[in-house]
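Next come the chains, spelled out residue by residue.
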Amino acid sequence: MRENLFIGIVCAKPNGMTELWPATYDFMDEMVSWADQSGFETWTFTDKDGPLHVDDIRDVIKDENKKLKDTPTEPVGLFNRKGIFVYFCGHGFLRGRQGHFWILHEGKQAH
């Protein structure tokens, strides 16, 4: 297992909002390639082939974290990592200094 984790999230087609350039997916592919070449384990979430919902991401994280019981000292899921790098491509907004919000498939209907 790799000690560092790269999580790439791209949502270019949120409901009720302007669709981002098709190249948005290419940008993510480049970041994933960089992360892989830099020694990161990579997880990618995308709406390229269908809607991306927060539960899609949550379910993968839960499933990966469950593997910890089999290898408690290894880098598994979000545990025992030296670093976790999260890269998001899509719509979002800031609310104050601490409020970063990413907009997934639900788009404007989410708030």
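What you see is a predicted model; the values in this text were computed from it and never measured.

Q: Explain the layout of surface pockets here, please?
A: To find leftover empty space, one rolls a probe the size of a water molecule over the atoms. Reported here for the second largest pocket is a volume of approximately 150 Å³. Contributing to the lining of the second largest pocket are I9, V54, I57, R58, H100, W102 and L104. Of all the secondary-structure elements, those providing two or more residues to the lining of the second largest pocket are α2 (54–66) and β5 (99–102). Of the residues in the lining of the second largest pocket, the class split is five nonpolar, one polar and one charged.

Q: Would you mind showing me how to read helix α1 (residues 23–37) here?
A: Structurally, the α-helix is built with 3.6 residues per turn, so residues lying three or four positions apart point the same way. Over its 15 residues, α1 extends 21 Å from the first C-alpha to the last, a length consistent with the 21 Å expected when each residue adds 1.5 Å. Of the positions making up α1, those classed as buried are T24, Y25, M28, V32 and A35. Along the axis of α1, the buried residues cluster in a sector spanning 95°; they form a single face. Within α1, the exposed residues directed more than 90 degrees away from the buried face are E30 and Q37. Residues of α1 that are buried make contact with β1 (4–11), β2 (40–46) and β3 (83–90). The first or second residue beyond α1 is G39, which carries a positive phi of 95°.

Q: Can you help me understand the sheet that holds β3 in this one?
A: Backbone-to-backbone hydrogen bonds join strands into a sheet, with any given pair of strands oriented parallel or antiparallel. A sheet is described by the order of its strands in space; here three strands give the open sequence β2-β1-β3, paired in parallel fashion. If you trace the sheet from one side to the other, it starts and ends with β2 and β3, each paired once. Put simply, the sheet's adjacent strands are angled 15° from each other on average, direction ignored. Two elements, β1 and β3, share eight bridges in a ladder whose sense is parallel. Across the sheet, V10 pairs through a bridge with C89, a residue of β3. Contacting β1 and β2, α2 runs over the sheet at an angle of about 150° to β2.

Calculation notes
- Residues numbered from 1 in each chain as written.
- Predicted model: local features only at pLDDT ≥ 70, side-chain atom pairs only at ≥ 80, totals over all residues.
- Heavy atoms only, no water.
- 1 Å grid on protein atoms, 1.4 Å probe; cavity = no way out; pocket = protein on both sides within 12 Å on 5 of 7 lines; lining within 4 Å.
- Points joined across faces, edges and corners; volume = space filled by probe spheres on them.
- Helix = DSSP H or I, 4+ residues; strand = E, 2+ residues; numbered from the N terminus.
- Nonpolar A, V, L, I, M, F, W, Y, C, P; charged D, E, K, R; others polar.
- Expected span 1.5 Å × (residues − 1).
- Buried < 20%, exposed > 50% of the residue type's maximum accessible area, 1.4 Å probe, protein only.
- Arc of directions from axis to C-beta.
- Contact = heavy atoms within 4.5 Å.
- Pairing = 2+ DSSP bridges.
- Axes fitted to C-alpha atoms, helices over the stretch in contact; angles between N-to-C directions.

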